[in-house]
Every structure is written in C-alpha cells, then in structure tokens.
Protein chains: 6
Amino acid sequence: MSDAFFQPVSGMELPRFAGMPSFMRLPFMDLEHDRISEVDIGLIGVPWDSGTTNRPGPRHGPRQLRDASTMIRAQNGATGVRPFDLMNCADLGDVGPNPADIQDSMARITHFYDTVLSKQIMPLTAGGDHLTSLPILRSLAKDAPVGMVHFDSHTDLYHSYFGGTMYTHGTPFRRAVEEGLLDPKRVVQIGIRGSTYDDEDTDFAKAVGIRVIRIEEFFQRGLQDVMAEARDIVGNAPTYVSYDIDFVDPTFAPGTGTPEVGGPNSFQALEVVRALDGLNIIGADLVEVSPPFDSAGGTAFLGVSIMFELLCIMARR
Amino acid sequence: MSDAFFQPVSGMELPRFAGMPSFMRLPFMDLEHDRISEVDIGLIGVPWDSGTTNRPGPRHGPRQLRDASTMIRAQNGATGVRPFDLMNCADLGDVGPNPADIQDSMARITHFYDTVLSKQIMPLTAGGDHLTSLPILRSLAKDAPVGMVHFDSHTDLYHSYFGGTMYTHGTPFRRAVEEGLLDPKRVVQIGIRGSTYDDEDTDFAKAVGIRVIRIEEFFQRGLQDVMAEARDIVGNAPTYVSYDIDFVDPTFAPGTGTPEVGGPNSFQALEVVRALDGLNIIGADLVEVSPPFDSAGGTAFLGVSIMFELLCIMARR
Amino acid sequence: MSDAFFQPVSGMELPRFAGMPSFMRLPFMDLEHDRISEVDIGLIGVPWDSGTTNRPGPRHGPRQLRDASTMIRAQNGATGVRPFDLMNCADLGDVGPNPADIQDSMARITHFYDTVLSKQIMPLTAGGDHLTSLPILRSLAKDAPVGMVHFDSHTDLYHSYFGGTMYTHGTPFRRAVEEGLLDPKRVVQIGIRGSTYDDEDTDFAKAVGIRVIRIEEFFQRGLQDVMAEARDIVGNAPTYVSYDIDFVDPTFAPGTGTPEVGGPNSFQALEVVRALDGLNIIGADLVEVSPPFDSAGGTAFLGVSIMFELLCIMARR
Amino acid sequence: MSDAFFQPVSGMELPRFAGMPSFMRLPFMDLEHDRISEVDIGLIGVPWDSGTTNRPGPRHGPRQLRDASTMIRAQNGATGVRPFDLMNCADLGDVGPNPADIQDSMARITHFYDTVLSKQIMPLTAGGDHLTSLPILRSLAKDAPVGMVHFDSHTDLYHSYFGGTMYTHGTPFRRAVEEGLLDPKRVVQIGIRGSTYDDEDTDFAKAVGIRVIRIEEFFQRGLQDVMAEARDIVGNAPTYVSYDIDFVDPTFAPGTGTPEVGGPNSFQALEVVRALDGLNIIGADLVEVSPPFDSAGGTAFLGVSIMFELLCIMARR
Amino acid sequence: MSDAFFQPVSGMELPRFAGMPSFMRLPFMDLEHDRISEVDIGLIGVPWDSGTTNRPGPRHGPRQLRDASTMIRAQNGATGVRPFDLMNCADLGDVGPNPADIQDSMARITHFYDTVLSKQIMPLTAGGDHLTSLPILRSLAKDAPVGMVHFDSHTDLYHSYFGGTMYTHGTPFRRAVEEGLLDPKRVVQIGIRGSTYDDEDTDFAKAVGIRVIRIEEFFQRGLQDVMAEARDIVGNAPTYVSYDIDFVDPTFAPGTGTPEVGGPNSFQALEVVRALDGLNIIGADLVEVSPPFDSAGGTAFLGVSIMFELLCIMARR
Amino acid sequence: MSDAFFQPVSGMELPRFAGMPSFMRLPFMDLEHDRISEVDIGLIGVPWDSGTTNRPGPRHGPRQLRDASTMIRAQNGATGVRPFDLMNCADLGDVGPNPADIQDSMARITHFYDTVLSKQIMPLTAGGDHLTSLPILRSLAKDAPVGMVHFDSHTDLYHSYFGGTMYTHGTPFRRAVEEGLLDPKRVVQIGIRGSTYDDEDTDFAKAVGIRVIRIEEFFQRGLQDVMAEARDIVGNAPTYVSYDIDFVDPTFAPGTGTPEVGGPNSFQALEVVRALDGLNIIGADLVEVSPPFDSAGGTAFLGVSIMFELLCIMARR
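Since this is a predicted model, take the numbers as computed values, not measurements. (Residues numbered from 1 in each chain as written. Chains lettered and ligands numbered in written order. Predicted model: local features only at pLDDT ≥ 70, side-chain atom pairs only at ≥ 80, totals over all residues. Heavy atoms only, no water.)

Q: Mind laying out helix α8 (residues 223–234) of chain D, listing which residues take part and the relevant values?
A: All names here are of chain D. Taking 1.5 Å as the rise per residue, α8 with 12 residues should run 16 Å; its terminal C-alpha atoms sit 17 Å apart, in good agreement. The set of residues buried in α8 consists of Leu223, Val226, Met227, Glu229, Ala230, Ile233 and Val234. Here the buried residues of α8 occupy an arc of 155 degrees about the axis, which is enough to place them on one side. Opposite the packed face of α8, turned more than 90 degrees from it, sit the exposed residues Gln224 and Asp232. Along its buried surface, α8 packs onto β4 (146–151), β5 (182–192), β6 (211–214), α7 (215–221), β7 (239–244) and α9 (266–274). Once α8 finishes, Gly235 follows within two positions and takes phi at roughly 65 degrees, a positive value. (Helix = DSSP H or I, 4+ residues; strand = E, 2+ residues; numbered from the N terminus. Expected span 1.5 Å × (residues − 1). Buried < 20%, exposed > 50% of the residue type's maximum accessible area, 1.4 Å probe, protein only. Arc of directions from axis to C-beta. Contact = heavy atoms within 4.5 Å.)

Q: Before we move on, could you go through the environment of F:Thr125 and cite the residues and values that matter?
A: All names here are of chain F. With respect to the helices and strands, the residue Thr125 is situated in strand β3 (residues 122–126). With 109 residues separating them along the chain, Thr125 and Arg16 place their C-alpha atoms 22 Å apart. Apart from residues lying up to four places away in sequence, Thr125 is in contact with Ile44, Val46, Tyr113, Thr132, Ile136, Ala284, Asp285, Leu286 and Met307. Within the structure, Thr125 has its side chain in polar contact with the side chain of Tyr113 (distance 2.6 Å). (Polar contact = N/O pair within 3.5 Å; in protein donor to acceptor, adjacent residues only side chain to side chain.)

Q: Now, about the sheet that holds strand β3 (residues 122–126) of chain B: what can you tell me, with residues and values included?
A: Residue and element names in this part refer to chain B. Read across the open sheet, the eight strands follow the order β2-β1-β3-β8-β7-β4-β5-β6; overall the sheet is parallel. With partners counted over all chains shown, the strands left at the sheet margins are β2 (89–94) and β6 (211–214), one partner each. Across the sheet, the mean angle from the axis of one strand to that of its neighbour is 15 degrees, orientation sign disregarded. Here strand β1 (residues 41–45) pairs with β2 via four bridges, running parallel. Among the inter-strand pairings, Leu43 is bridged to a residue of β2, identified as Asp91. Of the strands in this sheet, β3, β4 (146–151), β5 (182–192), β7 (239–244) and β8 (281–287) touch helix α4 (residues 133–140), which is tilted by about 170 degrees from β7. (Pairing = 2+ DSSP bridges. Axes fitted to C-alpha atoms, helices over the stretch in contact; angles between N-to-C directions.)

Q: Got a sec to walk through the pairing of β8(B)? Specific residues and values, please.
A: Residue and element names in this part refer to chain B. In terms of burial, β8 is largely enclosed, as seven of its seven residues are buried. The sheet contact formed by β7 and β8 spans six bridges and is parallel. Within the sheet, the bridge partner assigned to Tyr240 lies in β8 and is Gly283. Regarding topology, helix α9 (residues 266–274) serves as the crossover connection from β7 to the parallel β8, and that connection is right-handed. (Right-handed = clockwise from strand over helix to strand, strands pointing away.)

Q: Now, about the packing of helix α8 (residues 223–234) of chain B against α9(B): what can you tell me, with residues and values included?
A: Residues and elements named next belong to chain B. Here α8 crosses α9 at 35 degrees, and the two axes come no closer than 10 Å. You can see that α8 and α9 cross each other, and the crossing is right-handed. Judged by residue contacts, Leu223, Gln224 and Met227 of α8 engage Gln268, Glu271 and Val272 from α9. Taken together, the residues of the contact of α8 with α9 sort by class into three nonpolar, two polar and one charged. (Left-handed = near helix turned anticlockwise from the far one by under 90°. Nonpolar A, V, L, I, M, F, W, Y, C, P; charged D, E, K, R; others polar.)

Q: Outline the interface of chain A and chain B, supporting the account with residue identities and numerical values.
A: Counting residues at the interface gives 26 residues for chain A, matched by 29 residues for chain B. The junction of chain A with chain B conceals about 2,200 Å² of combined surface from both sides, 60% of it contributed by carbon and sulfur atoms. Of all residues in chain A, A:Met12, A:Arg73 and A:Phe267 give up the largest surface area on contact with chain B, accounting jointly for 35% of the area buried on that side. The interface formed by chain A and chain B includes two salt bridges. Taking the shortest distance from any N to any O, the salt bridge between B:Glu260 and A:Arg73 comes out at 3.1 Å. Our count for the chain A to chain B interface comes out at 12 residue pairs in polar contact (both at pLDDT 80 or more). Taken together, the elements giving at least two residues each to the side of chain A that touches chain B come down to α9 (266–274) and α10 (298–315) of chain A. Among the elements that make up the side of chain A that touches chain B, the one with the highest residue count is α9(A) (five residues). Class assignment of the residues belonging to the side of chain A that touches chain B gives a composition of 13 nonpolar, seven polar and six charged. (Buried area = accessible area lost by both parts, 1.4 Å probe. Salt bridge = Lys/Arg side-chain N within 4 Å of Asp/Glu carboxyl O.)

Q: Give a description of the packing of helix α3 (residues 102–118) of chain C against helix α4 (residues 133–140) of chain C that names residues and reports values.
A: All names here are of chain C. Relative orientation of the contacting elements α3 and α4 amounts to 40 degrees, with a least axis distance of 8 Å. Taken together, α3 and α4 sit at an angle that is classed as oblique. Crossing geometry of α3 relative to α4 is assigned as right-handed. Contacts between α3 and α4 involve Met106, Ile109, Thr110, Tyr113, Asp114 and Leu117 from the first element and Leu134, Pro135, Ile136, Arg138, Ser139 and Leu140 from the second. Residues belonging to the contact of α3 with α4 are distributed by class as follows: eight nonpolar, two polar and two charged. (Parallel < 35°, antiparallel > 145°, perpendicular 65-115°, else oblique.)

This is the structure:
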C-alpha cells in the first residue's frame, strides 16, 4: 500500500476545480524535496517546442495537461488498477528550457533526467514537441540502446529540414538510432499516415529494421492483432513508450501542430496502451499537445487519460 | 392522424432560423392552455444544475436544445416513423427551479410532473443535470417502482459527496432505489467508463441487482447484442429511459460537465435508442447538456437528435 | 514526370505557414496565363452560397480550404500516388459570383467551366454550397448526360422550397436530371440520413432510377461492399464525383450548414474516395465547407485531405 | 400603468436562463392574438440577410437577440424610465422571409408592417441586414417622407453593386430617398468611417442634403454637441431611428459583417440613443447583428441593451 | 528588503509558461507551512459560485487567475512600486468549498480567514462570486465594522431572490450591513449601471447612508474627482476593497456572469485602484471572474492586473 | 496617377471573400517579376517568431493579415488619401525564414530587404515578432543610423534573456543602437506600460537618449500633444516607424503574445499614425500579430487598418 502522503486529493473531499493543479492532484516535489527518495514514478513536464517546424504551441502543453488532470480519479475503471496504491507517484515539476537555444535546452533536459534516474525514479513525461524524446533517451539509454513502442501519425525519422537543420520534431528518432539510443530492431511505429514528402523516412526505417505499421494496416488487422505484434517486437527487454497525441484522429485531438486526418478514436487511443501491460517499460512520454489549437481543452483531457493508462502499466511493472 | 394544430412548422415554409424556438417547432403550451387535454407527449425543460459537483452549466441546456431542435424535421429517416402524425406533441415549457435551494427545486419539479401526469401526458424531458431524474421519478413512480434503461458513463449510484451531501448528480439512482422508485432488478446501465474513486457504486449495484454494462463489454459484444439483453432486463413492464449525454464520447458531445473519453460515436448514440422500440416506455429524459462548454452547439444538436429518437419510440407506444 | 514549374512548394524548403496560400501550394494561374495550355488538372474555387436555405457560409470555403491545403505534401501515404508527378496541376483561382443574383452567378460559373474544358483541363472544384454542382454539370455534361457518385447526408433531390423556389442547395440534382445532365441510372447517393420532411425526394429517386444508399446500409454492409456496388452503377462511362462535406459526421466536419449526426468518420471519408480509383472520372467537387461554423479549421483540413484523395484518383486516370 | 399581462417575467421569480426567450421576456403574440389591439409597441424580428455583399449572418440575429434579451430588467438604471409601465409592449414574432428571393422577401416585410401599423402599433425591429430598413420604410412612410437619425459606420447610399445590383445592404437609403420615403433634409448619418471605394455615396448625400457626421467629427466635437445638431436636423416631425450595430467599434460589437475599426465604445453607444429622448419617434430598428461572428454573444447583449434604450424613448413618446 | 524565498520566479530565468502556476509565481504555502509566520500578505483563492443567480462559473476563477498571473512581473511600471520587496507575499492556496451547501461553505471560508488573520496575514482574495465577500467580512470585521470601497456594476444590496432566498451574489452587502460588518456611512459603491428591477437596493443604500456613484456620474465628473470623494468617504479607518470584475465594461471583461454594458475601460480599471494608495486597506478581493465565458483568458489577465494593483497599495500600507 | 495594373481589385466587382488574398488585393509580385522596377512601395510578410520568449504565434501573422486585408478599400475615409493612386504598390510575398535557426533567418531577411532597397522600393512589413525589425534595420540603416517612432507597450531594450540570449523580441532596439542602426536621440517610444522586471531597459534609454513616453503620460497630455513631441524628436531626417500591435489595448488586439492591459483604443491606434503625416518615412512595420490567440480575426483586421494608415502616409511622402 502506498504512503498516504502520495495519495492524490479526492474530488469527494476537495472539488476538482479547487486547489493547485499538480498532475493528477499528486504531491508536488522538486528534486531537492526531503522525501524524493521515496518516489517510484515521477510525472514531469517539458514545456518546450523549439523543434516545431510548423505550428508552435506544445510549450504550453504541461500546464494545460496538469489542469485537465484534476479530472482523473484513483482507479482505472477498465482494468481495476489503482496505480497510486501500487507505487509512490509525484509531480516533479517542469524542466526549464531555454526557448531560444535548442542545444542548451536539450542539455538541460538530459541533465534533469540524469538526476531523476539517479534516484531510481521512473519518468512519465508530458511534452513538449516530439524532439523532447531525444534528450530524454540520451539519459534513459546512456548505458545501452532500448526498444520503443511509438504511437504517431509520422515516423519522425527524417534526416533534416530547411536545408540541413538536424534537430526538429521530425528527426528525433533518426538521431536516436544514429546515437545508439534505440535498438531499431526493437522499435515499432504505429498509426503512420497522411501525405508525405517522399519515402526517405520509411526507406531509413527499412534499412535499419524499424517496423512501421500504417493506419490502414492497423484498421484492417485490428487493434489486438497489431498490438500483439508490437509486444513481440519489443519483447521483454527495457522499452520506452513514446506517444504523440497526433496518433489519435485530429477530431478527437485537435490541439496539436501537425494533424493528420483518418486516425484512431479515443477508445482505441486508450486500448493500445492497455495492450502493453506486462512489458518492461522504463519510461514513457505523451507529446505534442498544443493548447493554442485546443481552447476547449478536449485534447488535454484525452492526453491525461492516456497518461493515466501509461501510469497504470508502469505501476504494475 | 394528428391534429394540424400539433404539427411542427416546416422549414420549407418558414426558414429554420426564423420564429420562436420551441422544441422541434411544436406549439408552445403552458399547463393552463385550453387544449392541454389533447396533448399526448409533452416536451419539458428543466433548466437546473444544482446537483453538479464539478463544472456547472446544464441550467442553460433547455434553451440551447430548443434552439438546435429547429433543425429537426417531421420524419425519422432511418425508421420512417412520423411521430407528430402518431401523437399530439407539444412544448410544455420549463419548470422554474430555485437555483439556490435544492429541496425546493425538487419539490417544484415533482409537482409539475404530477400535474402533467394527471393530464395523461407522457413526459420527454430536457435537463438539467442528472439529479433532475430523481424528482421526475418521484412523480412517475409514485404508485409502483419502474424499470430503467440508463445510458451514461457514470453509474450515479454513489452514496454522498463532500462529507455527507446526499443530493448531487452522482447520487440520484441510489436515492431512487432507496425510495422504492426504481426496481433495481429491472435497471440496466450502459456505457460506464472512466476512472473511479473506488468500487462503492458498483458494489451497490451488485448488491441490489442493477446490471452494469461497461463500455469495454459494449464494444466487444456489439450494440445489438447488448441492447437485446437490455430489453430482456426491463421486459414489458413500465420503463423509464434516462440518457446522460456523457454516454457519448466527449469528442461528439463536448458540452457536458464530467466527460469521460472512449465512448460511443454519434451513430451508436442514435442506434441504442432505436433498439428500444416496442418497450413499454412511460417517459424519458436527456440530461447534462452544458452549453458553456459547447459554444458551437454540436452537443445540443446531437442531444435533440437523440430526443427525436426517444420521441419516435414513445410515439409508437 | 511533371514539369518542375508545376511542382508544389515543399515544406522542407519554405515553412508551411509562409507564402501565398494557393491550393496545395501549386502555381496560381488565371485562364490567360501563358502556360495554361499545359495544365491537366485545375483546382478551382467557387465562393458562393446563394442556394443555402438555412445557415450561409460556404462562400468563405475556398479561402479557408486554400489556407488549410498548405499542409498537404506531395505523396499519398496510403496509396503511394504522387499526383503532381503524374499530371500538371494548378490553382486556377476563383469564379467571381454575384452574391445577389442566382441566375447571373450560375451563368458565370458555367461560362468559366466552359473555358476550362475548352483547354482540356479537368476541374476539381472547392465550393460553395451544393447548388454549385449544377452550373458545373451544365458545362461538363453539355454534350451527354454523365454518371455521378454522390457522397452526402441529403439527396438534394427536392423539387422546390419556400413555395416554389427552384434553385437551392436542396434541388441541384433534381434539376440536373430534368435538364438531362445526369443519367439517373448511373447515379448513386451514399450516406443519406437525418430527419426528413417526407418521401418526396426518395420517391423521385426511385422513379428515375437513382440508387440511394442510406447510412444504416452503409454501416451494415461495410464500406468495401457498398463501394463495389457504386463502381458497378457508374461503370466505365464518364463520371462526376460530388462530395458534400456533410457526408462526414458533423463532429469530424462541424463547419457546414446542414449537419446530420451519425455519419462516417474521417478514415472512412478518405477510403470511399480511394475506392473509386480506376473509374472514368471527368471532374469532382468538394462542397458545403462553411468556415463561420468551424473557426478551428478542422473541417477545412479534412476537406482538403478529401480533395487530395480526389486529385490522386483523377491524376491516375 | 400597464396591464399586468404585458409585464415581462421577472428574474427574481423565474431565473433568466429559464423560459421561452421572447424579446425582453414579454408576452409573445402573433398578429391574430385576441389582445393584439391593446399593444402599443411591437418588437419584431426580421431574420433576413439577402442584401449582404460580404459576410452573411444577420438572418440569425433575431434569435440570438431574443436569447440575450432575457438579461434585460424592467427599469432603465440611467434614466429611471420603466417602459413596460408606460406602454403595452409585446413580441410580435418574426417576419418569415424567402431566403432565395429578395423582392418576395421585401414584399412580405412591407405587408407585415402594414398590418402592424393598421393596428396602431409602433414597431421596434431587430434585423436582419440593413436592407431590412427599406421595406419597413415603405410601410411607415407610405403617406409622407419621414426624417431619420442613422447610426452607422457606412452611409448605405451607394447606387448599386456587382455591376447593377440595386438592392443590397449598401443601398437602402439611396433607394428610400429615390422612392420618396425619406426627406433627405431631415436625415442625419452619424459615425461614418473606414476606407471607401470613392466619394459616390457622400457626393449623393451632399446633392440631396443628407448631413453626414464622420467619426472624427463625432469624437472632436463630443457626443452631446453632435446629438444636439442631430435633434435640430430631424426636428419635431415624424422620425425613424435606424441603428446599425457596426456604428459601435467592432471590439465592442464583433458580431457583424462589415466592421470598421475606430468607433464609439459601449457607453457612447447607449448615450446617443438617450440623447434622442423627446423626439417624435415613429419606429426604430437595430440591424446587422451577425451571430456566426460572435459566438460569445457580447454583440447581441449590447444590441438588446441598445434596443432597450430605443424602447425607453419610444415609450415616453 | 523581502526575503529571497518570497521573491517570485523571474520570466528571465524560467519562461512564463513553465512551472506550477501559483499566484504571481510566489511560493505556495499552506497554513501549516513552517515559514507561514513570516508572510505579510496572503493571496487566497475561493473557488465558489453557489450564490450565483444566473450564469455560474466563478468557481473556476482562481485556477484561471493563477494561470494568467504568471504574466505579472516584479515591478509596477506605472507607480514604480515593487511589492515583493516591501512585504513577504505568498500563495496560500484555495479554501475548499462545499458546492452543494451554502451555509457550510460560508462557515469554511470564515474559518479559513480567521486562521489567516490570527497569523497577522493581510488577505488578497480571488473569488468566487460576490457572495464570497460576506464570509470574509465576517472574519475581517468581527471586532468592529469596516469601511469599503466597492467597484461594481451592481449594488448587491437586494433583500432576497426567488421568494426569500437570503444568500446570493445579489445580497452580500445588505447582509453585511445588517450583521454590523460594514459601517454604511463609510461605504462607497462606484460604477453602478444597467437595467434594474426597481429601486429597492438604492432605497436601502439611501436609508443606511451608503454612497452610490453611478457610471454616468463617474464619466461626467471624471475618475480623479470621484476617487477623491471615495477616499474622503472611507477616511483613515480600516477599509476593505471589493472589486467585482463586472465593474469593467464587458468587452474588456467578458468572462463574468452578469455583465452590464457601458462601463470603464481597462486603463480606468487600473487607475481607480491606484487612486486608493495611502488608505488603510486591511484586505481586498477580486470576484466574479468566470472562465467558461472567457475561454481566451483576457478577463483573467485583466483580473490579475487589477490584483497586482491592489497588492501594490496593500504592500505600501 | 498609378498604373491600372497596380490598382487593387474592387469589392464592387469581385466580392471580398473571393480571389487570392494578397495584401489589400494588390498584385502579387516576386522580386523577379518583370514589372518589379515600377514598384514604389512593397508590402512584405515576415512569418517568423523565433525571437518570442513567451507565447509564439506571429509566424502565422502575415497570412491572417493578408486575409483580413481584403476588407480594405481604395480610399482613406478620414484623410481622403488614395494611396494606390499616388504610388505603385504591390505584395512582394514573404521572406522565407528558417524556424530553427535565428541567425540564418536574420541573414535571409536582411538579404531580402537589401534586394528590395536596391530596386528603390520602400518596404511596409507585416511581422513576425519584434525581432523582425532588427534585420530590416540592418538593411535600411546600413549607410547611416535612422530615427524611429516606436509604438509599443514594451521598450524592447533589454540586454538579454535566459542567461545571455542576445536575440529575442525583447532586445532588438538595444542591438540596433549598439550596431549603430538607430540614432537614439531620434528615437521615441510611445505607449510603454505593464509590470516590469526592473529599470534596466529605461536606464539604458536614458543613458543613450531615447525618449520613453509611458501610457499614463500619453493619456494625460493627450494624443495630439504627445505626437507633436514625437514629430519634433525625429525631425525631417529619415525615420522608421515600428508598430507593435501590443501598443493597442489587448481587448482591441487580443491576438498577441505579450499583452499589457490599459492601452489605447482602436481610434487612437489609427490617429497616432495619421499624426505622422509629412515625416520622412523610409519604411514601417506592424509586428506581433499572433493568430492563434485571435481566432476571430479582429486583431488582424485592426492590424491591416493600421497598415493602411501607414501606407497612406508613406504614399504621400
């Protein structure tokens, strides 16, 4: 049983609209907190979108996600899991980026996660654009490459943009493979769709062994069948889960910068995470939630619902 | 054939954006109207949300639903039913609540419905939050408990909130069972999902015999199979239909106070009502439409489309 | 291989938010342009909504669609088609309507398309309300009646409105049949739903041989089966595709004037077009996108995604 | 003292969000009502925008204005006037236009007002675009030309649009002068501003003797001085007041189709009407409120606040 | 000089969109914090709107105000005051209300403020609807009645609503006078306007000696003259400042439940507070900010700008 | 008289919602156009916001400004100026930035303006964030420092952000002074307000001789008096006008990233430009319009109205 200190505030006691909006109403603790050593899972915000090539906004994601997360209760209705009873969870705050310097920001992020990992805390991140995953992987995979289940409508495997720019939200996993952070044979990308420039990204995927499952295949084979293959691909070794909210159809998640129509619905958005239960998850992120394009907040609420599913499988690890 | 007086105004004659927005462009009649005795089905608004524990707004529901309802035409395209030819329908106006006194408001509502029933009018209600159903049932079931088909993402079977508050939109059906208004063996709840505090509500359901069909079961078994079971549960005895708009996925119905992602789409939202055709329906409600969270009005239009389906099965009774 | 002049500007070179928003970032050419004779497919806007009987707005459609179209890239991810390599495509601008005179506007539209066709350019049109299709068909079918695959939630086969008004967005295809522009035996309407006034429209369809596939049939039989029948109906003869955005469920496409709930999702919205590949398409339109009811722009982005699918099958002709 | 039947429903008794939204919560009466002969002032909606040359929407104005009008109480706080005690006021409903036929619609409007006037009811109209004023004036001024105080950012004195179209919302008062409905020497236009095509409209004004007061003059001389001149111009003879909501700065009234920045604020918007107290007002209108461009409803609330001021000076007549 | 612990986080170091949104980026401290005794001014949220008679929403005010407050920097540009250097300021969190029980909520609020005052902390409150001020005054004025400068468009001096309901946001100051919490001779209300039911409230004001300055007088005499009188009225004795955001024109502050057009602009909204500098302020509140009616957040930003002005005069006390 | 080729398309001929949205419906010409040498004034977009420290978005400004600019007509109603008759004006398109590289983007911008100036074209720029002005000044003032009239709520004179970042939208004019592009004695900043970090910026202004006119002084002295001083400061030598939309009150211009309440209204926003008539203007910009925070488009319409005033004084030069 988790320590009472780590239990979220109940909406039965304090209405959901009251109180400071920490992630899921968990205790807010910075890395110097005197009980930090007791934390098992840390929820972390990375308010940063300098890698965005089109419509910026994910820098505002963590705040909106925290706000929406006050709607989350203690128990997973679908699976019965009570994550806050299984592990001590806490909101570790935001990594402070430098909006005007990509390299400086990446260094700050990697440093923050190094500290988190040094305390044996498993990170669940709220981005930020998808470039956020790269500096996190530099910390998580510094000893050995990891596997990854990647939900997205884009492969994010391009080489560069705008005549040679190497670090954008369209390139993180190309970099991660090149830097030896990901084992491409243990990487699966699910939900890919939309118009493309050319085949550069998928050619790279084929060349290094990344499995790309397009949305047409996803719908045709069915969710359970596809997810079984995904589980096989990553196996029992350490695995990261990276979830771009644009995996979901933009009608369900309009608040994002590079939407592609024709994606999964919100039920499928949750089910794909539940299907990962039992894997050796070492960390996860939910990225690309962009509040300026979602003033009604529906995307953020779906985003935190996905984060709660990720938390539930991480807590059962 | 229905009296011409009771036919809705056609959009072919008066454009839909013109004229006073009564429900479905039906005649507006208060309970003193000299033709009130000819009414078979009364559409009633209950603009009241004092039972809301989180985000208020359903007090504004009836007005927005009436506005959206001017888009409804005379014939059900899917089933061919022409409800206004089968029964005399009218807009009976709103029950005037006391926003600052829950007990007073409930007494006013029950009194209004007592009058409606005394005139042999079958009520179709536009809420209001879900606590609205309780004072209605106090009128409808005052002689004997009734059965209920309940569409919702929440059971609304909690005991109390905020340290003992017994009357909220999370408790109406617990109260209704306790008060002998509902026969729990003839109650089925469909679409339940989302995170929960604990198992208090479902434990109560089990204890008294209410059948709870979660959304995972709904999607796995399929709509027709689940609805067949629902028909068996309520049988041929008098049955109430209570439809919380948050049964539907919040992307389709964002205008509500306690959304839960991962629900049915709009086609399924209509089909579940059509599947109730032939039951012994004695009244129905559509609740929790909250305009402040849906300025575009899509939720209200879906809401009145559901009300039209409810009307069609009531008119064929 | 297409001429480099006709290649769209790449987002890898000029960010998508920069530059003049022509359709899909194609060259903008008026009908006097010195390379007009090289154009194979012309994208044309018809900013006109004088046929609207309820909520106006589609006059603003072409501009919003052009803006959203800057998100479209060069290759169809699902089919691999690269339309701009197959045919020379260009943005031919807007037909200037007379907002205050329906007959004058229809004459202007037909005249514009006569010129386009005289240059052997295949037109892909962005409306405009659905009356737009009538003056286009007057040009396209002036020699012989054509077949049509028609996606919509309404048949648009009514005789007249408001006591005898013959030209509205609810009547274009009745007029087209009467004028001998459509061969009703080669017309199929898919997605019909919603409440109706009566059976006047479907009785006409039956009388002349138009096949109407309601949404219930579409969902029950499945998309592939229905589309196979549609292909059989139109056969190999010249066929027009008319796509009303209200075919799609209004949650996915809220920006339209006469929505009907319970429609296809965005994936199905694209798949129905892909299923037409190989037909003898002579032109297509996407109509009824109404920006005032879709300030977030999701409808327009879905609309241009559909236009891109239409373009891909037209380019493979 | 006014009859109790004609008193608006008080928000102290029935909350403002409840009940049918008639204008200012007055009794709704059609022209056949058995107490119609007792009505002194009739509030009338004209949901029509066929004269709009750019962004349509005012056809939805009357409904939104009625909704917002439920916020209006019984007494004018600034002047102490209680209009409903001075005169019997009622909501006479909407004139049903033909959205597809301008001449037919104008004939319907004039006919409706002829009937209203035949019952000695003074009309206060909610438009509709500004062309609405023309068919009203055809009724009001059929015996003799009237004077007019005209608040607007445009003169609406153009000859024609789009190559000869004579009836648009940019031409009504040119037509009214030509038809002998307005006495141009007794017409004053206040608030004119924005970029213009040329001097055609103001040249016409000068030629016939209409006084045009631009916004720069309005701000420089001050409201009271300008309004004193306006009172002098119209004198004691019968005078119509036509108030285009775009007179007000578009930040205060965004819901309109042809905004011009740099206008009066909301306090001045009310004060200009109060300054007309004591004139011989025979009717008034408030036009060009366009809900699709004002989903938040602020324009409508300002609009009905202006209508209430107009009503107060009409009731003291 | 203030302790560094109490300095707000600078946007030069951590971007404004990052970090937990406490009021003005001050340290968040609950009443048990070990440095609570060092706090001079406490910023407190009261997320409660049970007193609302029309459109609810202010329960969501404190969270949105905190979010917007991250835009506030350390120095008042207009006056040069640096409040965080003058006094130790902290965010003391929210008072947890019971949304379903008005009396219980008022007791909770008074209890919270009793504790705050017992620690010699001066409270600056973010509401909540205007009933919030009553339980605060019960704490602040429990020893002796206080004076009050009250900015509002309504007097909030009504006796009761809905047939006898005594505690609503329209009655707090009537109750406060009756309970001896306010010295009516030292109360001034500024900005009153809008339509009214009758003269009940202003008759009460006259009877007990409250000075009511309507908006017409405010604009005619000018801000400085009116504020000089206000200073004279309250004098040097302990004075509370209660600021209803609906004092400001609703175009500048749309996010509120009972707007009245024709109010001050945002510059005047700040200047009236600056004019109170030097008074004996013992506490202040900013109430009626209602996020559901202001999704863009402009009202909240204006609200926190007003709170910052209030803080600056409190810090100079 | 201007060449007919350079006349904007009239809304009397082609409705404003039709056609490609070039700036003010002028001809669109790239720098290679065969009539480029005839252009006197070039309207240029710089869709770039990499200098933004808080809320990004101005990269989307030029497109929204072009769209709104189709509402501008040919003649200035207030001054009678017809700019398109005085000078040949054209839309020169956008400068393509590199969103991921600030230095590269600045170099591209300066290069573009070097080319423009080499053709004797006077530039009127639509930003972009305020850092945009720096690379423009590097081109305009490469031979000698220029004077500047600067409308803004911020001085943009800070040294650096985030621990040493020198190029942000808060630093351009510090850099410009340091680089010898601006003659500080001929620089005046008008409208400064809001909370500040400290006095670093104004201390710098004093040290180098920049005149800072705060908003309190602006309102107290009055617009004409302040602008007369501004004219004196810049004199008859070459002067640049830089207009940050956040000079205007955020209620009038919500679509911007760093709003400060309490600013000028829209009439004053135009008048300050008119007051510059006759100066030796060599170029101007309108920056910081951020569409994601202004979905209704009011800010963009005000922005282009300001651009039109700038154009009118430039055309009379």
